[in-house]
Structures are given as C-alpha cells and as structure tokens.
Amino acid sequence: MNAQLVAVLALAVGTYAFRLAGPVLQGRVELPDRIRELLGAGATVLLVALLATGALTAGHEFAGWARPAGVVVGGVLAWRRAPFAVVVVAAAAVTGLLRLAGLP
Amino acid sequence: MVRDVALVCLADAVVGVSFGAVAVAGGLPVWLPVLMSLVVFAGSAQFSAVGILVAGGGPVAAAATGLLLNTRTAAFSLAVADALGRSWPARLVGAHLVTDETAAFVLARTDPEQRRTAFWVAGVGLFAAWNVSVLGGALAGAALGDTDRFGLDAAFPAVLLALVLPALRESRGVRRAAAAGGAVAVAATPFLPSGAPVLLALAGLSLLSSRRWSR
C-alpha cells in the first residue's frame, strides 16, 4: 500500500483512539493535574517549534524574509485579538505582496 | 451561539482552503488532504503532517508528529465527555468531533443541556465547513499552480501562532519551554532530517519543573 496512505490512516486511527478516551473513561478515571498540564505544555512546545521552523526555514535552509514578515504581521494581529480569518488572510497577503515587490 | 459557531466555521474555512491548496501545491495528490480531513479532522496535526510530507520528511515522521500533537485531544475528550450524550452511537460519533474549537465552545458553558447543544452544533458545523473548504482548496491548488506567489506558505505558521497565543499568554513556564524548544528546532533544521527538529524541541519541556511552574 502507498506509504502516504498508511501515514494518513495511522494518524487517523491514533487520533480517534485519543478522542475515545473521554467517552470510554468517563467517570472512571481522572487524569492527574500534573499530567494534564504536561500534555498541554508539550502540545504548545510542539506547535511553537512547528511555527518557528515553518516560518523561518524551507527544506534545510532559510526561507527568505517574505514568509517570516507575513507571519509576524499575522502574529501581531492575533496578539491584538483579531479574528482568525483576518490573521490568516493578512499573513498571506503581506507575504504575497512582498514577493510581488521582489523580496524572496 | 449559532452566530459564534458560524464565525469560527468561516475562519476555519479560510484555513481549510489554505490547507488543501498548500498540500496540493507542495506536490501531494488531491485525495490526500481530502481524505485526511475526513478521517483525521484536526487542523494543526494535518498541517504538520502535510508540512513534513511536503518537506520530504517521510510518512513515519509525519504520522508521529501529528499523533504527538493530537495527544491533547485525549485531555479535551475527557473534559467534554458529558456533552456527547449517553447512547453509545452518540459517544462513538461524537468522539470524532472533539477538537480544540468544539472543546472551547463546550467549556465556556456549564448547563448540561447547553453543553450538549454547543458540542453538536459546533462539531457538525465545523466538520462540514472544514471538509468542504479543504476539498475546494485542493481543487483550487491544482489549478493555481505555485501558491507561494499568493503567500499561502505564510498561512500555516500564522495559524499555529494564533492557536498557540492563548496558552503562551497564560503561563510563563510554558513560554520559556516553548521559546527554548523553538530555538532548538530552528537551529537543528539544517543538520537533521525533516520532522526530527520539531520532536527535538520537546527537550524544552525539561525547563518545566513542578516547583518553577509559575503562572
């Protein structure tokens, strides 16, 4: 079978198993606060690492300035609690316009 | 509440279009983002897995990163389990609709009846909006060609940043761990295979000790 298809299915099955935890364990198990906080912090660290590498690098190299500039504009808007859709469109628009102006 | 759900659906639809377009523009077949959205239905994990596949990181790294990100849905599903309903069909179907967004809608309410309504309205609405927009984005991505021209490659990091800001605002300990982890991941990117630097970032968690956990 296609390796990419296997990756999608593995991710789907594993994710569904995580989601079943609530309905199956409901009322029987309470996650200790410490574990819950560590899971939350782990997810945050992963997301920040993903966004930092995604904003700054392409392959194994620096992505150029246009992309991080767009991400920073999106980040400032998000910080000022702009709606999600505005953040996404503004980030893409800034990056696209900078590229149009010749910045890689 | 329906209005709030509709606004979040609209925002997710914009993200969904970017997701479909970015995946296809990165060289993946149209069926991949579409199928993934139906069976995984978790935005940040999907973006991460596809980002790794597009960067050439391989299916194992893609699935592992997505799964690690989705461990948090276990915590969310425990938190909102009462809102799914009592029957097993409702629990089994509802489980698939547990996301950051549906959990946020449920956790904002205390009345059991309102929690159940919020869960199902948000869950079904978001599932529909997400899958339709990803399909549209994937088809558009195939037609658009190079989506970098439109800056769509900046959409994914910007989405993650918006998702992660509330958690960063809340805790100084998490901010420190995330900053360290992010720096490690970026510094390691030139030297390690794709997907590995992000997992290495978890080393940042070592900066969290129960005593220094400051809010």
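Our subject in this report is the structure included herewith. As the structure is a prediction and not an experimental result, all values here were calculated from the model. Positions within a chain are numbered from 1, following the residues in the order the chain's sequence is written. Ligands are numbered from 1 and chains lettered from A, in the order in which they are written. A pLDDT threshold of at least 70 governs which residues receive local features in this predicted model, and a stricter bar of 80 or more applies before side-chain atom pairs are shown or counted, although totals over entire chains, interfaces and linings include all residues. Think of the side-chain values as coming from all heavy atoms in the structure, minus any hydrogens and water.

## Some points on the layout of surface pockets
To be explicit about the condition: Computed over the protein atoms alone on a 1 Å grid, cavities are sets of points where a 1.4 Å probe fits but cannot get out and pockets are open sets with protein on both sides within 12 Å along at least five of seven lines; a residue lines them when it has an atom within 4 Å of a point. Grid points are joined across faces, edges and corners, and a volume is the space filled by probe spheres set on the points. What counts as a helix is a DSSP run of H or I of at least four residues, what counts as a strand is a run of E of at least two, and both are numbered from the N terminus. Note on residue classes: Ala, Val, Leu, Ile, Met, Phe, Trp, Tyr, Cys and Pro are nonpolar, Asp, Glu, Lys and Arg are charged, and everything else, Gly too, is polar.
Of the pockets and cavities examined, the largest pocket occupies roughly 1,400 Å³. Residue lining of the largest pocket: 43 residues in total, with Phe76(B), Asp100(B), Leu163(B), Pro166(B) and Ala167(B) positioned closest to the centre. Only helix H2 (33-56) and helix H4 (84-100) of chain A together with helix H1 (2-25), helix H4 (59-80), helix H6 (100-107) and helix H8 (155-170) of chain B provide two or more residues apiece to the lining of the largest pocket. Taken together, the residues of the lining of the largest pocket break down into 28 nonpolar, three polar and 12 charged. In this structure, the second largest pocket is lined by 30 residues; those nearest its centre are Gly54(A), Thr57(A), Arg67(A), Gly51(B) and Ala55(B). Those elements that place two or more of their residues in the lining of the second largest pocket are H2 and strand E1 (57-58) of chain A together with H1, helix H3 (43-54), H8 and helix H10 (196-200) of chain B. Ranked by residue count, the leading element in the lining of the second largest pocket is H3(B), at six residues.

## Quick notes on the interface of chain B and chain A
The criterion, for reference: In this analysis, two residues are considered to be in contact whenever any of their non-hydrogen atoms come within 4.5 Å of each other. Just to be clear on terms, a salt bridge is a Lys or Arg side-chain nitrogen sitting within 4 Å of an Asp or Glu carboxyl oxygen. Counting of polar contacts relies on pairs of N or O atoms within 3.5 Å, with two restrictions inside protein: one atom must be capable of donating a hydrogen and the other of accepting it, and residues adjacent in sequence are counted only when both atoms are side-chain atoms.
On the side of chain A, 63 residues touch chain B, which itself brings 86 residues to the contact. Summed over the shared surface of chain B and chain A, the result is two salt bridges. For the salt bridge of Arg99(A) with Asp153(B), the shortest nitrogen-to-oxygen distance reads 2.8 Å. Taken together, chain B and chain A are joined by 15 residue pairs in polar contact (both at pLDDT 80 or more). Elements with a contribution of two residues or more to the side of chain B that touches chain A: H1, helix H2 (31-39), H3, H4, helix H5 (88-96), H8, helix H9 (172-188) and H10 of chain B. Examining the composition of the side of chain B that touches chain A, we find that 14 residues originate from one element, H4(B), more than from any other. Split by residue class, the side of chain B that touches chain A holds 60 nonpolar, 17 polar and nine charged.

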